[in-house]
Amino acid sequence: MSIGRPGLLARFDTPQTLLGAVQAARSQGHRGLRAWTPYPVEGLAEVLALPPSRLPLAMLLGGLAGGLGTLALQYYSAVIDYPVNIGGRPLASWPAFGPPALEMTLLCAGLVGILGLLLRSGLPRWHRPEFDWAGMEQASSDAFLLWLPLDDEDGEALRDWLLSNGARDLSRVGGDS
Amino acid sequence: MNGEGWLAAGTTPGDVDARIARPALAPRFGAGWRIGLSVSLLGVLVLMLTVSVLLTVGVGIWGITRPAYWGFAIANYVWWIGIGMGGTFISTALYLLRQPWRNSLSRYAETMTVFAVCVSGIFPILHLGRPWFFYWLFPYPDTMNVWPQWRSALFWDFCAILAYLLVSVLFWYVSMLPDLATLRDRAAGRMRRVVYGFLALGWQGEAREWQRLEALTRIIAALGVPLVFSVHSMVALDLSEGLLAGWHTTIFPPFFVAGALFSGFAMALVIGVPLRKRFRLEALITERHLDRLAILLLTGGLVVAYCYAAEIFMAYYSMDEYELAVTRFRFTGLYAPVYWAAIVCNVLAIQPLWWARVRRSPRWLFWIGLSVVFGMWCERIMLVLSSEYRPFLPAAWGRFMPTVWDWAMLAGSIGLFMTMLLLFVRWFPVVSMHETRQLAHESAQGSREAQA
């Protein structure tokens, strides 16, 4: 992550202006954009070109592991480790093995999803440099924030460009500032 | 999701935050809350006393005796876990069905679920008799070389509760992270900032985080629906895997699920109506929300009424003498008052909901909801006891009469539930801020477009 790099933090009042600015910035060749919003904004991940989350796949695999693992455990226990002959009934009584396997599928998929969300997002991490940026706390109520990296330029052109694209407040953050 | 029209006109995202975050960040809370909390804590004390006596003396302090071994403990367990189902249904099934109005209700409904499931779990564990060996339920490599009985509904039920409890608690917490972050950012005092900041785990609301939370919410919603239906089906199978007349029927799983959702919607109203009034949430939980909840309640009630009728019909249709006897015991036997109370509270009391005026009146909905919550408790008691106390052989007939400890345990569980709920509403956002913020933005935008 490009936290150490200096950048411009722009504030927008509506999701539409944020989306428009991101789109315009990307078409101008800006990369490494980051955005913070008070609620999930539809289409933001697409215009930021974030790769699709792999959480669903992880949850599918977790669920399968939980379900198949429970089936395997029951089979091992009832057929191999401790077979009990009850009136000659089949040892591998799969219909009865289904319900615990179903529940463990749901449990493991859910656990993988929740832990995956936290781990992939780097949580818990109580201190992050972004918390020191002025105006950052607005992103959790009504501001739509966009961060653009500043390279060598002093950012005057970028500043004007952002203001003409609907940004309200601009501040230089990150780097040595 | 088109959220237009689900919040009072002119509600802005700023209003949403102020209305929901202000109570949690207020330095003081009303005297009513303190009195309520004191009464609830008294209930917790009663529960602790009961559990201590239970652990010292044994389950014999309850009224359970042969042949009625289940008694209050299992009925209370079924009742509590059923109440939880309604909350999960609101937050998952309605999400999948793209019902934007659920956004205002999902948080407190999920909270109700989480606390109800926590309370329900106490009963079966204590009912084990030697609760300190509850871990024998787990399949673990023990020195006795035995495994759980995989083919028993009791083990299925254990898996179901475990999955349900863990998934609903963790998801409830993770979906609260953005709101905890809001509280962290708005809190004035250092103490609160530290506590909320700790709980928010460093959530920032970056696009990447939202993308993952959205993906997780969608899939958990899809998993939550089978979870709700399977968990209460397993609870029902505990009974219907037994051979007793009245229990041994295939209708039990859907019957129990319907009853669970029914009691959950009722509890959602019983909690929601005072919450709405106390926190002045009328702009977020509008009369239309109450109307929708009332329709869900009525629908659940009709399905439950159908199941009552189907049970009676099946007894007479089968002409099985034991089934007939149980049905007659229900009508006129020792526990007939409980049966008729269930009919009155669950079937008759909900009929006013056909009128739109009743469905939009918080006062009516509160009392109807309370009647259903009580009626569903009666139904659980009726289902457990009416089959149990008269098994096949008349020589084995007995009776269960609740002792003071049975009542203490029930009152204590309500106290524990209320305590957790009151502490929650004091310190945490009772309505999901990020979800209603989205609704507010959408409806503000909708009205702007309408004007243009």
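Note that the structure is a prediction, hence the values are computed from the model and not measured.

## Considerations on the overall build of chain A
So, step 1. Regarding its fold elements, chain A presents 5 helices and 4 strands.
So, step 2. Scanning chain A from its N terminus toward the C terminus, one meets helices and strands in the order β-α-β-α-α-α-β-α-β.
So, step 3. A compact globule built from 177 residues should have a C-alpha radius of gyration of about 16 Å, whereas chain A, at 25 Å, is more than 25% larger.
So, step 4. Judged by the C-alpha coordinates and their principal axes, chain A covers about 85 × 30 × 30 Å.
So, step 5. For chain A, the proportion of its 177 residues judged to be buried stands at 40%.

## Things to note about the overall build of chain B
So, step 1. Helices and strands together make up the secondary structure of chain B, namely 16 helices and 0 strands.
So, step 2. A compact globule built from 452 residues should have a C-alpha radius of gyration of about 22 Å, and chain B, at 23 Å, falls within 12% of that.
So, step 3. Of all 452 residues assigned to chain B, the portion counted as buried reaches 51%.

## Describing the interface of chain B and chain A
So, step 1. Between chain B and chain A, the residue contacts involve 52 residues of the former and 50 residues of the latter.
So, step 2. Of all elements in the fold, only α1 (13-25), α5 (153-174), α6 (177-186), α7 (190-200), α8 (207-240) and α16 (433-451) of chain B reach the threshold of two or more residues within the side of chain B that touches chain A.
So, step 3. Class assignment of the residues belonging to the side of chain B that touches chain A gives a composition of 31 nonpolar, 11 polar and 10 charged.

## Quick notes on the packing of helix α11 (residues 321-332) of chain B against helix α14 (residues 362-388) of chain B
All names here are of chain B.
So, step 1. Where α11 contacts α14, the axes come no closer than 9 Å and their chain directions differ by 125°. One way to sum up the angle between α11 and α14 is to call them oblique. The handedness of the crossing between α11 and α14 comes out as right-handed. Residue-level contacts link Val326, Phe329 and Arg330 of α11 to Met382, Ser386 and Ser387 of α14.
So, step 2. Taken together, the residues of the contact of α11 with α14 sort by class into 3 nonpolar, 2 polar and 1 charged.

## Some points on the environment of Asn76 of chain B
Residues and elements named next belong to chain B.
So, step 1. Tracing the backbone through its elements, the reader meets Asn76 in helix α3 (residues 71-96).
So, step 2. For Asn76, a count of 25 C-beta atoms within 10 Å translates into the label buried.
So, step 3. Residues Asn76 and Met409 lie 333 residues apart in sequence; the distance between their C-alpha atoms is 9.3 Å.
So, step 4. Not counting chain neighbours up to four residues away, the residues in contact with Asn76 comprise Phe123, Leu410 and Ser413.

## Notes on the nonpolar core
So, step 1. If you look at the biggest cluster of nonpolar residues, it comprises 181 residues, and the most contacted ones within it are Val22, Ala35 and Leu146 of chain A together with Ala268, Leu297 and Val372 of chain B.
So, step 2. With 16 residues, the top contributor of residues to this core is helix α9 (residues 252-278) of chain B.
So, step 3. Setting aside chain neighbours within four positions, we find Leu297 of chain B in contact with Phe262, Phe265, Ala266, Leu269, Ile350, Leu353 and Val372 of chain B.

## Re the packing of α8 of chain B against α9 of chain B
Helices that pack against each other are described as a pair by the angle of their axes relative to one another and the distance between those axes.
All names here are of chain B.
So, step 1. Contact pair α8 / α9: the axes reach a minimum separation of 8 Å and the direction vectors enclose 125°. Between α8 and α9, the crossing angle belongs to the class labelled oblique. Taken as a pair, α8 and α9 cross one another with a handedness that is right-handed. In this structure, α8 contributes Phe229, His232, Ser233, Val235, Ala236, Leu237, Leu239 and Ser240 to the contact, and α9 contributes Phe252, Pro253, Phe255, Phe256, Val257 and Ala260.
So, step 2. In terms of residue class, the contact of α8 with α9 is made up of 11 nonpolar, 3 polar and no charged.

## Concerning unusual backbone geometry
So, step 1. In this chain, Leu123 of chain A is followed by Pro124 of chain A through a cis amide linkage whose omega measures -10°.
So, step 2. Along the chain, Pro124 of chain A turns up in the loop between α4 (94-120) and β3 (144-149).
So, step 3. Look at the link from Arg66 of chain B to Pro67 of chain B: it is a cis peptide, with omega at 5°.
So, step 4. For Pro67 of chain B, the location among the structural elements is in the loop between α2 (31-57) and α3.
So, step 5. For Leu201 of chain B, which is not a glycine, the phi torsion comes out positive at approximately 60°.
So, step 6. Locating Leu201 of chain B in the fold gives a position in the loop between α7 and α8.

## Section: the pairing of strand β1 (residues 7-12) of chain A
Residues and elements named next belong to chain A.
So, step 1. Here β1 lies mainly inside the structure; 5 of its 6 residues are buried.
So, step 2. Pairing between β1 and β3: 6 bridges, direction antiparallel. Counterpart to Gly7 in the pairing with β3 is Pro149.
So, step 3. Bridge analysis of β1 against strand β4 (residues 170-173) gives 4 bridges, and the strand direction is antiparallel. The partner of Gly7 across the bridge, within β4, is Val173.

## Examining the sheet that holds β4 of chain A
Residues and elements named next belong to chain A.
So, step 1. The 4 strands are arranged β2-β3-β1-β4 in an open sheet whose pairing can be described as antiparallel. Each having just a single partner strand, β2 (34-36) and β4 make up the two edges of the open sheet. Across the sheet, the mean angle from the axis of one strand to that of its neighbour is 25°, orientation sign disregarded.
So, step 2. In the sheet, β2 pairs with β3 via 3 bridges, with the strands oriented antiparallel. Across the sheet, residue Ala35 finds its bridge partner in β3, namely Leu146.
So, step 3. Across the sheet, helix α5 (residues 156-164) touches β1, β3 and β4, and the angle it forms with β1 is around 15°.

## A look at helix α3 (residues 55-81) of chain A
So, step 1. Between its first and last C-alpha, α3 of chain A extends 36 Å over 27 residues, near the 39 Å set by a 1.5 Å rise per residue.
So, step 2. Within α3 of chain A, burial applies to Leu55, Met59, Gly62, Gly63, Gly66, Gly67, Thr70, Gln74 and Ala78 of chain A.

## Side note on the environment of Arg34 of chain A
So, step 1. In this fold, Arg34 of chain A is placed in strand β2.
So, step 2. Here the alpha-carbon distance between Arg34 of chain A and Arg5 of chain A, two residues 29 residues apart in the chain, equals 13 Å.
So, step 3. Once residues lying within four places of it in the same chain are set aside, the contact partners of Arg34 of chain A are Trp147 of chain A together with Glu206 of chain B.

The rules behind the values
- Every residue gets a number counted from 1 within its own chain, in the order that chain's sequence is written.
- Chain letters and ligand numbers both follow the written order, the letters beginning at A and the numbers at 1.
- The predicted origin of the model limits local features to residues at a pLDDT of at least 70 and limits the giving and counting of side-chain atom pairs to 80 or more, whereas totals for whole chains, interfaces and linings rest on all residues.
- Secondary structure elements are defined from DSSP: runs of H or I of at least 4 residues count as helices, runs of E of at least 2 residues count as strands, and each element is numbered from the N terminus.
- Each radius of gyration is computed over the set of C-alpha atoms, and the globule rule expresses the reference value as 2.2 Å times the number of residues to the power 0.38.
- Buried means a residue has 20 or more other C-beta atoms within 10 Å of its own C-beta, exposed means 12 or fewer, and partly exposed covers the counts in between; C-beta atoms are placed from the backbone.
- A residue pair is marked as a contact if its C-beta atoms, positioned from the backbone, fall within 7 Å.
- Under the scheme applied, nonpolar residues are Ala, Val, Leu, Ile, Met, Phe, Trp, Tyr, Cys and Pro; charged residues are Asp, Glu, Lys and Arg; polar residues are all the others, including Gly.
- An axis is simply a line fitted to the C-alpha atoms; with a helix, the fit covers only the stretch in contact. Between two such axes, the angle follows the N-to-C directions and lies from 0 to 180 degrees.
- Orientation is classified from the angle alone, with under 35 degrees giving roughly parallel, over 145 giving roughly antiparallel, 65 to 115 giving roughly perpendicular, and any other angle giving oblique.
- Crossing handedness is defined as follows: a turn of the near helix away from the far one that is anticlockwise and smaller than a right angle gives a left-handed crossing, while the clockwise case is right-handed.
- The term nonpolar core means buried Ala, Val, Leu, Ile, Met, Phe, Trp, Tyr and Cys residues held together as one set by C-beta atoms within 7 Å.
- By the convention used here, strands pair only if DSSP detects at least 2 bridges between them.
- Helices are assigned an expected span. That span is 1.5 Å times one less than the residue count.

So far we have only geometry, and geometry alone does not tell us how the molecule works.
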